[in-house]
Amino acid sequence: MIGNFSEFCDALLAAGFSMGGGDARGIFALIPYDWKEQRQLDPPAKWHTGDPETDPWEWRMRVLEERDDIAYAKLFFRTSGYIAKAWYPCFYAVRRRGQSFEEAYESGGAGRTARRIYEIVAENGATAYHDIKRLGGFSKEENARVERAVVDLQSRMFLTICGRAQKTNQFGEGYGWSSTVLCTVEDFWAQRGVRLSGGDPDAAYENIREQVWRLNPAAERRRIDRFIRG
């Protein structure tokens, strides 16, 4: 079993991708147990201890803050996942199919709420979730719609998580819980020296599917298809 952050990163780079939580979802997870199951397993890495070396919950931000070769976002089955730099272009090719956000919107692949959110981030750069709601003028009644749109934008690989930030008071002091910071996937990888470009989506799909079967020979075709396409 993986015991610490360094081992996790090494294993992720070798695998290429992983579900983010403690559930493989029929595909693959480097940490295949949740915080309840760990009570029986007593693994070296334990959820929600707050230890940055051995708590998988802490690793999701560490990969974004300390490394340049791993992405983390709501990527698979509308929940969290990791993709290593070497494999990101394959998923990007499948999910974007060469489309810009505006092209996706014009073809009906994105709604008005998603468009407002995307434009805020594209215009302002990396933007905290609480600031997206403020800048977009979203009401409390729109919270559920905004949350769905933010997940959709990550799943479609238009936006990705790039960090976390607190709200600030008039003195610039942080307070309260941190919220995720979002940026465009192009900006995320450009800051890491990678220029994303459209590839052959069909070839990319086959490459990912073959890798899933290497990691989990029992994975079902229909499940793999949902995993790859987002």
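Keep in mind that this is a model prediction, so the values were computed, not measured.

Bringing empty space enclosed by the protein into the picture now. Under the definition given, this model contains one cavity of 30 Å³ or more. Here the largest cavity defines a volume of roughly 40 Å³. Elements with a minimum of two residues in the lining of the largest cavity: β1 (17–19) and α3 (56–66).

On to helix α6 (residues 112–124). Every α-helix winds through 3.6 residues per turn, so residues three or four apart in the chain are directed the same way. With 13 residues, α6 should reach 18 Å at 1.5 Å per residue; the first-to-last C-alpha distance of 18 Å fits that figure. Looking only at α6, the buried set comprises T113, A114, I117, Y118, I120 and V121. Mapping the buried residues of α6 onto a view down its axis gives an arc of 155 degrees, with all of them on the same face. In this structure, α6 carries R112 and E123 as exposed residues pointing more than 90 degrees from its buried face. As for α6, its buried residues are in contact with α5 (101–106), β4 (127–128), α7 (129–136), α8 (143–155), β5 (159–168) and β6 (174–184). A positive backbone phi angle near 80 degrees is found at G125, which sits one or two residues after α6.

It is worth spelling out the side chain of N216 at this point. As for its position among the elements, N216 is in the loop between α10 (201–215) and α11 (221–229). Other than its neighbours up to four places away in sequence, N216 contacts G26 and I27.

Taking burial as the measure, the six residues of strand β3 (residues 79–84) include five buried ones, the bulk of the element. Both β1 and β3 contribute to a ladder of three bridges, which runs antiparallel. Within β3, the position partnered with S18 by the bridge is Y82. In this structure, strand β2 (residues 70–76) lies alongside β3, joined through six bridges in antiparallel fashion. Counterpart to K74 in the pairing with β3 is S80.

Taken as a whole, this structure holds 17 aromatic pairs when the rule is applied. Between the aromatic rings of Y88 and W189, the centroid separation amounts to 5.2 Å while the plane-to-plane angle is 55 degrees, which identifies the pairing as tilted. Of this pair, Y88 sits in helix α4 (residues 88–96) while W189 sits in helix α9 (residues 185–190), and the two are 101 residues apart along the sequence. Overall, the relative accessible area of 2% leaves Y88 in the buried class. By the ring-pair criterion, three or more aromatic residues cluster together here, those being F17, F76, F77, W87, F91 and F227. For R62, the ring lying beneath its charged end belongs to F5, and the centroid distance is 3.9 Å. Between R192 and the ring centre of F188, over which it is positioned, the NZ or CZ distance is 3.6 Å.

The next subject is the pattern of salt bridges. The tally for this structure, following the rule as stated, stands at 15 salt bridges. E142 serves as the salt-bridge partner of R145, at 3.7 Å between the closest nitrogen and oxygen. Assessed through its relative accessible area of 43%, R145 is described here as partly exposed. Classification of E142 by relative accessible area gives buried; the value is 15%. One salt bridge in this structure joins D225 and R229, with 2.8 Å as the shortest N-O distance. In this pair, D225 and R229 are both assigned in helix α11, four residues apart and thus about one turn of the helix distant. You can call R229 partly exposed: its relative accessible area is 42%.

Each value, and the rule that gives it
Residues numbered from 1 in each chain as written. Predicted model: local features only at pLDDT ≥ 70, side-chain atom pairs only at ≥ 80, totals over all residues. Heavy atoms only, no water. 1 Å grid on protein atoms, 1.4 Å probe; cavity = no way out; pocket = protein on both sides within 12 Å on 5 of 7 lines; lining within 4 Å. Points joined across faces, edges and corners; volume = space filled by probe spheres on them. Helix = DSSP H or I, 4+ residues; strand = E, 2+ residues; numbered from the N terminus. Expected span 1.5 Å × (residues − 1). Buried < 20%, exposed > 50% of the residue type's maximum accessible area, 1.4 Å probe, protein only. Arc of directions from axis to C-beta. Contact = heavy atoms within 4.5 Å. Pairing = 2+ DSSP bridges. Phe/Tyr/Trp six-rings, centres within 6.5 Å; stacked < 30°, edge-to-face > 60°. Lys NZ or Arg CZ within 6 Å of the ring centre and 35° of its normal. Salt bridge = Lys/Arg side-chain N within 4 Å of Asp/Glu carboxyl O.

Bear in mind that shape data such as this cannot, by itself, settle questions of function.
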